[in-house]
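Spelled out, the chains give:
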Amino acid sequence: MLHITNGDSAVPGIAATGAGGDVLPWRDALHEGPVPAELDPTALRAARARFLADCGWGDAAAIEADMRARDERLAAALADDEPVVLWFEHDLYDQLQLIQVLDAADGGGAVEAILPDRFLGGMENDELAALWPTRTPVTRDQRALARLAWEAVRAPRPEAIAALLTTHTVALPHLAPALRRLLEELPAVGDGLARTERQALEAIAAGARTPHEVFLTTQRAEAAPFLGDTWMWARLAELGHGERALVRTRAGDPLGPAPPRTGSERFTEQELALTDDGRAVLAGQADRAALVPLDRWVGGIRVTGPEPAWRWDRATGRAVAGA
């Protein structure tokens, strides 16, 4: 039997349920970095490995090898009709991994799923064991929806995700909120802030002084928290970069690189403050996309400044073409 889950934190607990088999962590934060549609699975692995390595997470070749072993283990289980059980939560991080796995497993194998609306990593062993009897076979509708959603997430434009948000997604009940949350990472109409960025600036404006305090405050602003602390700090570092930075240290210095990048050892000790530009952007009087260097990905959409091709309209809850 093969169990697949969102990362390393839940692995010991799943192993302790007594269900037996191997537990495979799916190590990738797909809400960050490129997942472009034109890449086949081999090329996508290489692109993801390069991105994660560039973010400081290790050697690209080693990361790619780990992903290749992960994919080959799943493929072998499906080919041998080995039971596969998916353990994925309700948040964006997990839902993107879930649709990637289901897309890879489309049409084959005996696959079951445990899809709670609670965080697996925080559960005690007996709580995880109690979930084991709730597993259900993955249905044809779930596979089809996952395939469509994975294609939509990887598309270079947001219309396919927008279309899914207006259709029947009950087969994967946590998917629609997660995809909407992904689109909220597009630069917003007016201030150019992704939701994560706005929440970070709001936290600092409200008195959060350190990167750790910013992380904790922004976690509380999420219905289904998905962003790890180091990814939040990377976004803070982006906002603290350039001549028109939105965030500086209280001494007025640039923030510097965030963990786990080289030279980030004292990043979390810094005390933060908004700049005049940061306060103007947060008040909707300036555009982050025009002030701070912007080149990042939202799924398969490459977002660049100073005039992003796509933005999120907070008033209508829709992705719209940039001006």
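What counts, and at which threshold
- Sequence order as written defines the numbering, with residues in each chain counted from 1.
- This being a predicted model, a pLDDT of at least 70 is required before a residue's local features are given, and a value of 80 or more before pairs of side-chain atoms are given or counted; all residues contribute to the totals for chains, interfaces and linings.
- Calculated side-chain values reflect all of the structure's heavy atoms, with hydrogen atoms and water omitted.
- As used in this record, nonpolar core signifies buried Ala, Val, Leu, Ile, Met, Phe, Trp, Tyr and Cys residues forming a set joined through side-chain atoms within 4.5 Å.
- In this scheme, a residue with accessible area under 20% of its type's maximum is buried, one over 50% is exposed, and one in between is partly exposed, where area comes from a 1.4 Å probe on protein chains only.
- Counting from the N terminus, the helices are DSSP H or I runs at least four residues long and the strands are E runs at least two residues long.
- Note on contacts: a residue pair qualifies if any of its non-hydrogen atoms lie within 4.5 Å across the two residues.
- Note on aromatic pairs: the rings of Phe, Tyr and Trp (six-membered ring only in Trp) are paired at centre separations within 6.5 Å, and the planes decide the class, stacked below 30 degrees, edge-to-face beyond 60, tilted for the rest.
- Lysine NZ or arginine CZ positioned within 6 Å of the ring centre and within 35 degrees of the ring normal marks a charge as sitting over the ring.
- Axis definition: a line fitted to C-alpha atoms, over the contacting stretch in the case of helices. Angles run 0 to 180 degrees between N-to-C directions.
- Any angle that is under 35 degrees is reported as roughly parallel, and any over 145 degrees as roughly antiparallel; angles of 65 to 115 degrees are reported as roughly perpendicular and all others as oblique.
- Throughout, a crossing is termed right-handed when the near helix is turned clockwise from the far one, and left-handed when it is turned anticlockwise from it by less than a right angle.

Asker: Where do I start with the nonpolar core in this structure?
Answerer: Of all hydrophobic cores here, the largest spans 83 residues; its most connected members are Ile4 and Leu86. The element best represented in this core is helix H4 (residues 92-104), accounting for seven residues. With residues near it in sequence (within four places) discarded, Leu86 still touches Ile4, Leu98, Val101, Leu102, Val111, Glu112, Ala113 and Ile114. Core analysis: the second largest hydrophobic core is formed by twelve residues, Ile114, Met123, Leu128 and Leu131 among them.

Asker: Looking at this model, I keep getting lost on the packing of aromatic side chains. Mind explaining?
Answerer: Aromatic rings in a pair are described by how distant their centres are and how their planes are angled relative to each other. Using the criterion set out here, one finds three aromatic pairs in the structure. Here Trp87 and Trp132 contribute two aromatic rings whose centre-to-centre distance is 6.2 Å and whose plane-to-plane angle is 15 degrees, an arrangement assigned as stacked. Pair noted here: Trp87 is in strand E3 (residues 84-87) and Trp132 is in the loop between helix H5 (125-131) and strand E5 (136-137), with a separation of 45 residues, a long-range link. By relative accessible area, Trp132 is classed as buried at 17%. In textbook terms, an aromatic cluster arises when at least three aromatic residues are bridged by ring pairs, as seen for Phe51, Trp57 and Trp231. One cation-aromatic arrangement involves Arg70 over Trp26; the distance from NZ or CZ to the ring centre is 3.9 Å.

Asker: What exactly am I supposed to notice about the packing of H4 against helix H6 (residues 140-154) here?
Answerer: Two measures define how a pair of helices packs: the angle their axes make with one another and the distance between the axes. The geometry of H4 relative to H6 is characterised by a closest axis approach of 8 Å and an angle of 115 degrees between their N-to-C directions. Comparing the axis directions of H4 and H6 gives the class roughly perpendicular. Here the hand of the crossing between H4 and H6 comes out left-handed. Across the interface between the two elements, Leu96, Ile99, Gln100, Leu102 and Asp103 of H4 pack against Gln142, Ala146, Arg147, Ala149, Trp150 and Val153 of H6.

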